[in-house]
Amino acid sequence: MKEVNIKHRADGRYEARIVINGKRKSIYGKSISETRKKAKQLQQEINKGNVISKNVRLNVAMESYLTDIKRCKVKPTTYDRVESTFKYHIKDEPLGRMQLGAITAQDIQKLLSEQCEKGLSASSIKKIYNLLGEFFRYATATREIGWNPMLLVEMPHPSKIQYESKEMEVLNSLEMKQVLSVAEQINEDGQPCYRYGEGIVLLLLTGLRSGELRGIRINDIDLKQRVLHIHTNVVYAKDRQNGGIQYIIGDVKTKKSIREIPLNDRAILAIERLLNTTYNPETGFLLCTSKGKIVTHSHLQRCYSAILNKAGIKHMGMHSTRHSFATAILKDAEDKGQIKEVSELLGHCDVSVTYEHYIKASNEDKRNLVNQLDKLVS
């Protein structure tokens, strides 16, 4: 640290000045040693990226905060999402170009309202709200702003959010049979027509997430006890050193996602076939490419799309296999009072999530329920 010039003020205090982002900041003390100590501590915080000037623009301050503070606290995948929220919804907005110390609660509320008008989903708006809240709490704690404007900011009312969620994609029972039939097809050489076809079968019969399936290793399979042990998940994140994307074997989505999945006869057959086709004994992964590498979500999606097309079924995303599994077993589960078991099979943290996000009531089911009222007038 450079020697700091300290002057004695007329009011008896001592003052030292340090430049932060081109702006001078004064530090005061009752003695030269106290002032020099405070200046040294401040300089150390500056070097760590822990000090932000209130005169700097919000986008500059937040970018510094994300790079120097946030990045080392969270998983790469989480940081990618946070960075994306900042880049696309804050950085180049009028709020992002304002000086940090000049921002009011009204300015932030206006940004949220504008994002609603652009058609963002409630979850996207919540991410913006949470990120700004986290940053301003930090800026207040480091005393670079005297008051946190987020204290008066509220999430927009749901009626103000214009986003229309997509209808959940689900295969009905007939379509599931068609997909299973196509997925297991063998060519003239006795080889599977679809390299990852049995992986699609396993998804439909277990309700696994795509990343959970791709993270299964040989030690996770217990054919004797007829269960799969789920505790890992394949995710991708930016490779910030070499560029591009890197695939990471990480933890599952939540603690409840660590679970055992019972296997029926067809699921066991799918695993046995995968052990003969896609298993890599060197890495231990059940599902691998022909070169022995980790299977990506895109690999599975292309395979699934080809199977759907051959079966004459409209295109669906990979998550439809999970929705279809949940919907298929729910009817019996409801009759037997076993919704909690369905929730645990899916690895949900709460039973309400199973109802809200993964169970689709068909128009046919609704019609049958209403038709029961015919008995009252017959």
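Here the structure is shown first, and the text comes after it.
The following paragraphs examine the structure supplied in this document. Values in this document were obtained by computation on a predicted structure and should not be read as measured data.

### Side note on unusual backbone geometry
Note on backbone geometry: most residues besides glycine have negative phi, and most peptide bonds are trans.
Thinking step 1. A positive phi angle is found at R226, which is not glycine, with a value near 60°.
Thinking step 2. Of note, R226 is situated in the loop between β4 (221–222) and β5 (227–230).

### Some words on the side chain of S257
Thinking step 1. Following the sequence through the fold, S257 ends up in the loop between β7 (245–251) and β8 (259–262).
Thinking step 2. Polar side-chain contacts of S257 include one of 3.2 Å to the side chain of R209.
Thinking step 3. Contacts of S257, omitting those with residues within four sequence positions, involve R209, E212, I230, V252 and G347.

### Observations regarding the nonpolar core
Thinking step 1. Membership of the largest hydrophobic core comes to 48 residues, with the highest contact counts inside it found for L171, V179, I200, L228 and L300.
Thinking step 2. Going through the elements one at a time, α6 (173–183), α7 (197–206), β5, α9 (265–277), α10 (297–310), α11 (320–336) and α12 (339–346) are the ones with two or more residues in this core.
Thinking step 3. Residue contacts for I200: discarding those within four places in its chain leaves V179, L300, C303, Y304, I307 and M318.
Thinking step 4. One finds I69, L100, I108 and Y129 within the second-largest nonpolar core, a separate group that totals 33 residues.

### Side note on helix α4 (residues 105–117)
Thinking step 1. Between its first and last C-alpha atoms α4 spans 19 Å; for 13 residues at 1.5 Å apiece the expected length is 18 Å, and the two agree.
Thinking step 2. Every buried residue of α4 is listed here: A105, I108, L111, L112, Q115 and C116. End-on view of α4: buried residues confined to an arc of 140°, all on one side of the axis. Pointing more than 90 degrees away from the buried face of α4 are the exposed residues Q106, K110 and E117.
Thinking step 3. The inward-facing, buried residues of α4 contact α3 (76–89) and α5 (122–141).
Thinking step 4. Note on α4: the residue one or two positions beyond its end, G119, has a positive phi of about 95°.

### What about the packing of aromatic side chains?
Aromatic ring pairs are reported here in terms of the distance separating the ring centres and the angle at which the planes meet.
Thinking step 1. Scanning the entire structure with this criterion turns up four aromatic pairs.
Thinking step 2. Seen in terms of ring centroids, Y65 and F135 are 5.7 Å apart; in terms of plane orientation they differ by 70°. Their pairing is edge-to-face. Here the residue Y65 occupies a position in helix α2 (residues 58–70), and F135 occupies one in helix α5, the gap between them amounting to 70 residues.
Thinking step 3. Residue classification places F135 among the buried positions, given a relative accessible area of 0%.
Thinking step 4. Arranged with centres 5.3 Å apart and planes meeting at 75°, the rings of F135 and F136 form a pair that is edge-to-face. Each member of the pair F135 and F136 is classed as buried.
Thinking step 5. Through a chain of ring-to-ring contacts, three or more aromatic side chains come together here, namely Y65, F135, F136 and Y138.
Thinking step 6. Taking NZ or CZ as reference, R13 lies 4.3 Å from the ring centre of Y28, over its face.

Cut-offs applied
- Residues numbered from 1 in each chain as written.
- Predicted model: local features only at pLDDT ≥ 70, side-chain atom pairs only at ≥ 80, totals over all residues.
- Heavy atoms only, no water.
- Helix = DSSP H or I, 4+ residues; strand = E, 2+ residues; numbered from the N terminus.
- Polar contact = N/O pair within 3.5 Å; in protein donor to acceptor, adjacent residues only side chain to side chain.
- Contact = heavy atoms within 4.5 Å.
- Core = buried A, V, L, I, M, F, W, Y, C linked by side-chain atoms within 4.5 Å.
- Buried < 20%, exposed > 50% of the residue type's maximum accessible area, 1.4 Å probe, protein only.
- Expected span 1.5 Å × (residues − 1).
- Arc of directions from axis to C-beta.
- Phe/Tyr/Trp six-rings, centres within 6.5 Å; stacked < 30°, edge-to-face > 60°.
- Lys NZ or Arg CZ within 6 Å of the ring centre and 35° of its normal.

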